[in-house]
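Geometric and topological summary
Next come the chains, spelled out residue by residue.
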Amino acid sequence: MSRTITIEPVTRIEGHARITLQLGDQGEVEDARFHLTQFRGFEKFCEGRPYREMPALTARTCGICPVSHVLASNKACDHLLSVTIPPTAEKLRRIMNLAQITQSHALSFFHLSSPDLLLGWDSDPATRNIFGVMRQDPALAKDGIRLRQIGQMIIEILAGKKIHPTWVVPGGVAEALTQEKREAILKLLPEGLEIAKRTYGFFKTLVPKFKDETSHFGTRPTMFMSLVTPKGNLEHYDGFLRIKDAQGRIVEDMVPTVDYQRLVGEAVEDFSYMKFPYYKPMGYPKGVYRVGPLARLNNAEACGTPYADVALAEFHMLQEYGPITSSFHYHYARLVEIIFAIEMMERLLKDPDILDHRVRARARSNRDEGIGVSEAPRGTLMHHYRIDDDGLITWVNLIIATGHNNLAMNQAIRQVADAYVDGNHLQEGMLNRVEAVIRCYDPCLSCASHAFGQMPLLIELKDAAGQVVDRLTRG
Amino acid sequence: MIQHKTLIIGYGSPIRGDDAIGPLAADALAAGPLPAGVNVISRHILTAELVEDILGADRVIFLDATVDGEPGEVRVRSLAPDASAMSTMAHFLDPRELLAWSQTLYQHEPEAYLVSAAGAFFEYSNYTLTPAAAAALEPMIERVRELIATN
């Protein structure tokens, strides 16, 4: 008899989601799906608003990664103005983006994934959480808090406000950097780099323990998409789109971001509110690709900073040849990127032009369509607006990093479920691995609000008639 | 008289109607005269690094909206650290969880309160408070001032 396992909500991710596993007569997994169960309609309710409101509006998409939306949105507005922003403004925006990547990656690694990595997938779910990590390795937990705080403090020093900064504006940034602020940020970086290097060194020793998970966590072939610099190096703010195939061959390169629609199509499915982007030339659903830290490192020829380049070389050694395929290595890639982000922030801050007062180009709207693309912590973020003659928004398209990864995440949970789930003998550890592969992607489904109270996790196995035949609770 | 170091944290989404009352109350408090030793923070959500701010305080007052109660009703309750109050959407924290982080990692357990106002409307893309919630703003601030005045 056919049965379905439902995991709801998926824990330690951003937002509300559900996983369902459809079982066949023998208890084997026949299908696996990742459902986004929240609908918020940002693209629709932005219509009719002045385009200059878009950075502030879209920043509210998420309380965790507003900076990423602020940057992509302002880039779309720059495009509407038809301006090239001053070089110093670009460097300042880059610093803010790198600070955002630092704090976001720290949250993902230290607070959301470390319980699995440190305590084990099969450990007691009652203690497999951040408090378990605090008890087992308090220094690691403190490092996580501090690294996240350093990223947030840099954003606050730059923007004056940690959440939803309004310092980035269409045409550049609102205020130049002062010498005092530069020194304040520079003072934070050595400690951040030490934490990043220490954590990276520690994680390298852990990786060999996860051979089994590495070989089952999303290793099925996909392409990889990211921004790269004109030289093909690691890029987070601007540059060009590159796509590599599963064998590592470059199939698209130096594609201007305004041409993203030539590469990316968007499909919808009735089981999820999240769109399913795909590589257009290959069609849906064959055109599956991944974005984010793993894709960025797979696509980059080099990072361009000393320690990060050493780490990148070690990253490539995780596999004998070709791009690193296991989504388990998103964790590794995040740590490499934190090192890069801190090194690059220091380099930018020491640039002689960084205190230049020319930080904003002023113009009215000079075209009716604007596209802004940057790399958010979780991957390529695309904002695309159309406006009328009065500068009011008539159409919006947002493709967020988690959306790009949607097909790959569905593919990955199927693979993990095939490897670990025995429908005749349900065990919490099996299902935790199904959740854990989703956490590798650090999906941001955007909570945007908060709840006061506890939401326990309930996992139910139902038969085709909807009768509960097995039940596990957690939390 | 002992001078308390008080941290006020108002949190809530600014685009979900009455959910914004926490940060709005915090902003109003920050704009007015405050006794020495009082710091005010406004946030969309509670996140891990706020533990570092809590370490510097011996009294923490959280300001939040709630769905419980008659719209506009203001309540004060004391909070204790609670590691079991974990959010499954782990990018944000419950205030009791945040206090438990402080207690577990740093053995720091400040006196803590939640001052809440019941809201009526929490849908997305709403930038104003309902009249009931707006009317609760001043009483909420008054309750905070009373707590601050307590030694």
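In this text, all values refer to a predicted model and were calculated from it rather than measured experimentally. (Residues numbered from 1 in each chain as written. Chains lettered and ligands numbered in written order. Predicted model: local features only at pLDDT ≥ 70, side-chain atom pairs only at ≥ 80, totals over all residues. Heavy atoms only, no water.)

**Some points on empty space enclosed by the protein**
Where empty space is left becomes clear once a probe the size of a water molecule has been rolled over the atoms. Residues and elements named next belong to chain A. As a reminder of what qualifies: Cavities and pockets were defined on a 1 Å grid built over protein atoms only: a cavity is a set of grid points that admits a 1.4 Å probe from which the probe cannot escape, a pocket is an open set flanked by protein on both sides within 12 Å along at least five of seven lines, and lining residues are those with an atom within 4 Å of any such point. Grid points are joined across faces, edges and corners, and a volume is the space filled by probe spheres set on the points. Helix and strand definitions follow DSSP, with helices as H or I runs of at least four residues and strands as E runs of at least two, each counted in order from the N terminus. For this classification, the nonpolar set comprises Ala, Val, Leu, Ile, Met, Phe, Trp, Tyr, Cys and Pro, the charged set comprises Asp, Glu, Lys and Arg, and every other residue, Gly included, is treated as polar. Segmentation of the chain into domains, including their bounds, is taken from an automatic or database domain assignment.
Applying the stated criterion across every chain yields a total of 2 cavities of 30 Å³ or more. Contributing elements (two or more residues each) for the lining of the second largest cavity: α4 (87–119) and α15 (428–440). Split into classes, the residues belonging to the lining of the second largest cavity amount to 4 nonpolar, 2 polar and 2 charged. Counting the residues that make up the lining of the second largest cavity, at least three belong to each of domain 1 (3–38 + 410–474) and domain 2 (84–214 + 331–353).

**A closer look at the packing of helix α1 (residues 21–31) of chain B against helix α4 (residues 131–149) of chain B**
Residue and element names in this part refer to chain B. Going by this rule: The axes used here are C-alpha line fits, helices contributing only the stretch in contact, and every angle between their N-to-C directions lies in the interval 0 to 180 degrees. Should an angle fall under 35 degrees it is called roughly parallel, over 145 degrees roughly antiparallel, and 65 to 115 degrees roughly perpendicular, with every other angle called oblique. In a left-handed crossing the near helix is turned counterclockwise from the far helix by less than a right angle, and in a right-handed crossing that turn is clockwise. The criterion used for residue contact is that any of the two residues' heavy atoms lie within 4.5 Å.
Between α1 and α4, whose axes approach to 10 Å, the crossing angle comes to 55°. On the basis of their axis angle, the class for α1 and α4 is oblique. Helix-helix and strand crossings are classified by hand; for α1 and α4 the assignment is right-handed. Every residue of α4 that contacts α1 at I21, L24, A25, A28 and L29 is listed here: A133, A136, L137, M140, I141, V144 and R145.

**Examining unusual backbone geometry**
Residue and element names in this part refer to chain A. Put simply, Y284 and P285 share a cis peptide bond, and its omega is 0°. Within the secondary structure, P285 sits in the loop between β10 (276–279) and β11 (289–290). A positive phi angle, close to 50°, is found at M254, a residue other than glycine.

**Some thoughts on the sheet that holds strand β12 (residues 369–376) of chain A**
Residues and elements named next belong to chain A. The condition is simple: Two strands qualify as a pair provided that DSSP identifies no fewer than 2 bridges between them.
Reading across from one edge, β12-β13-β14 is the order of the 3 strands in this open sheet, with antiparallel pairing throughout. Pairing within the sheet leaves two strands with one partner each, and these edge strands are β12 and β14 (393–399). Taking each pair of neighbouring strands and ignoring which way they run, the sheet shows an average axis angle of 10°. Bridge count between β12 and strand β13 (residues 379–387): 8 bridges; the pairing is antiparallel. Bridge assignment links G372 to a residue of β13, and that residue is H383. Its contacts with the sheet put helix α3 (residues 66–81) on β12 and β13, and the angle it makes with β12 is roughly 150°.

**Topic: the pattern of salt bridges**
All names here are of chain A. The condition that has to hold: By definition here, a salt bridge exists when the distance from a side-chain nitrogen of Lys or Arg to a carboxyl oxygen of Asp or Glu is within 4 Å. Each residue gets one of three labels from its accessible area relative to the maximum for its type: buried under 20%, exposed over 50%, partly exposed in between, using a 1.4 Å probe on protein chains only.
As enumerated under the stated definition, the model contains 32 salt bridges over all chains in all. For the salt bridge of D351 with K91, the shortest nitrogen-to-oxygen distance reads 3.3 Å. Taken as a pair, D351 in the loop between α12 (330–349) and β12 and K91 in helix α4 lie far apart in primary sequence, 260 residues in all. Given a relative accessible area of 16%, K91 falls into the buried group.

**Looking at the sheet that holds strand β8 (residues 250–255) of chain A**
Residues and elements named next belong to chain A. A sheet is described by the order of its strands in space; here 4 strands give the open sequence β8-β7-β6-β11, paired in mixed fashion. Whereas interior strands pair on both sides, the edge strands pair on one side only; in this sheet they are β8 and β11. Sheet topology places strand β6 (residues 223–228) next to strand β7 (residues 240–244); 5 bridges connect them, and they run antiparallel. Residue V228 lies in a different strand from β7, and its bridge partner there is F240.

**Section: the side chain of B:D64**
Residue and element names in this part refer to chain B. Using the following cut-off: Residues counted as positive are Lys and Arg, residues counted as negative are Asp and Glu, and His and the chain ends are not counted. Under this definition, polar contacts are N or O atom pairs within 3.5 Å; protein pairs additionally need one hydrogen-donor-capable and one acceptor-capable atom, and for neighbouring residues in sequence, both atoms have to be side-chain atoms.
Tracing the chain through its elements places D64 in strand β3 (residues 59–66). One buried charged residue, D64, forms no salt bridge at all, with the nearest opposite charge on R77 at 9.0 Å. Polar contacts involving the side chain of D64 include one to the side chain of Y11, which spans 3.2 Å.

**With respect to the pairing of strand β5 (residues 111–118) of chain B**
Residues and elements named next belong to chain B. Most of β5 is tucked away: 7 of the 8 residues are buried. The pairing of β3 with β5 spans 8 bridges and is classified as parallel. Within the sheet, the bridge partner assigned to T66 lies in β5 and is A118. As paired elements, strand β4 (residues 74–78) and β5 share 5 bridges and run antiparallel to each other. If you follow V74 over to β5, its bridge partner there is A117.

**Some words on the environment of A:W167**
Residues and elements named next belong to chain A. By secondary structure assignment, the location of W167 is in the loop between α6 (138–159) and β4 (168–169). Assessed through its relative accessible area of 6%, W167 is described here as buried. Placed 97 residues apart in sequence, W167 and V70 show a C-alpha to C-alpha distance of 9.4 Å. If we ignore the near neighbours within four places in the chain, the residues touching W167 are L92, M96, L158, A159, V173, A174 and E175. Polar contacts involving the side chain of W167 include one to the main-chain carbonyl oxygen of E175, which spans 3.0 Å.

**Thoughts on the pairing of β10(A)**
Residue and element names in this part refer to chain A. Side chains F276 and Y278 project from β10 onto one buried face, and the interleaved P277 and Y279 project onto a second face that is buried too. Across 4 bridges, strand β9 (residues 264–267) lies against β10 in antiparallel orientation. Among the inter-strand pairings, A267 is bridged to a residue of β10, identified as F276.

**Overview of the side chain of A:T199**
Tracing the backbone through its elements, the reader meets A:T199 in helix α7 (residues 179–206). When residues no more than four places from it in sequence are discounted, the contact partners of A:T199 are A:F109, A:F110, A:L140 and A:L335.

**A word on the nonpolar core**
Defined as follows: In this description, a nonpolar core means a group of buried Ala, Val, Leu, Ile, Met, Phe, Trp, Tyr and Cys residues linked to one another through side-chain atoms lying within 4.5 Å.
Of all hydrophobic cores here, the largest spans 147 residues; its most connected members are A:I154 and B:F62. Residue-level mapping places this core at the junction of two domains, with at least three residues from each of domain 1 (3–38 + 410–474) and domain 2 (84–214 + 331–353) of chain A. B:V38, B:V74, B:A136 and B:L147 belong to the second largest nonpolar core, which has 24 residues in total.

**A few points about α12(A)**
Definition in use: Between the first and last residue of a helix there are one fewer steps than residues, each counted as 1.5 Å, and that sum is the expected span.
If you check α12(A), its first and last C-alpha atoms are 28 Å apart, about what 20 residues at 1.5 Å a residue would give, namely 28 Å. Of all 20 residues in α12(A), 18 are buried; the element is thus mostly enclosed.

**Side note on the confidence of the model for chain A**
Using the following cut-off: pLDDT expresses, on a scale from 0 to 100, how confident the predictor is about each individual residue.
Confidence in the prediction for chain A averages 87 pLDDT; 87% of positions are at 70 or higher. Overall, residues 447–458 of chain A carries pLDDT values under 50, and its contacts beyond four positions in sequence, including any with other chains, amount to 57 contacts.

**Looking at helix α14 (residues 406–420) of chain A**
In an α-helix, one turn spans 3.6 residues, which is why side chains three or four residues apart end up on the same side. All names here are of chain A. The end-to-end C-alpha separation of α14 is 21 Å, in line with the 21 Å expected for 15 residues at 1.5 Å each. Buried residues dominate α14, accounting for 11 of its 15 residues. Every buried residue of α14 is listed here: N406, L407, A408, M409, N410, A412, I413, Q415, V416, A417 and Y420.

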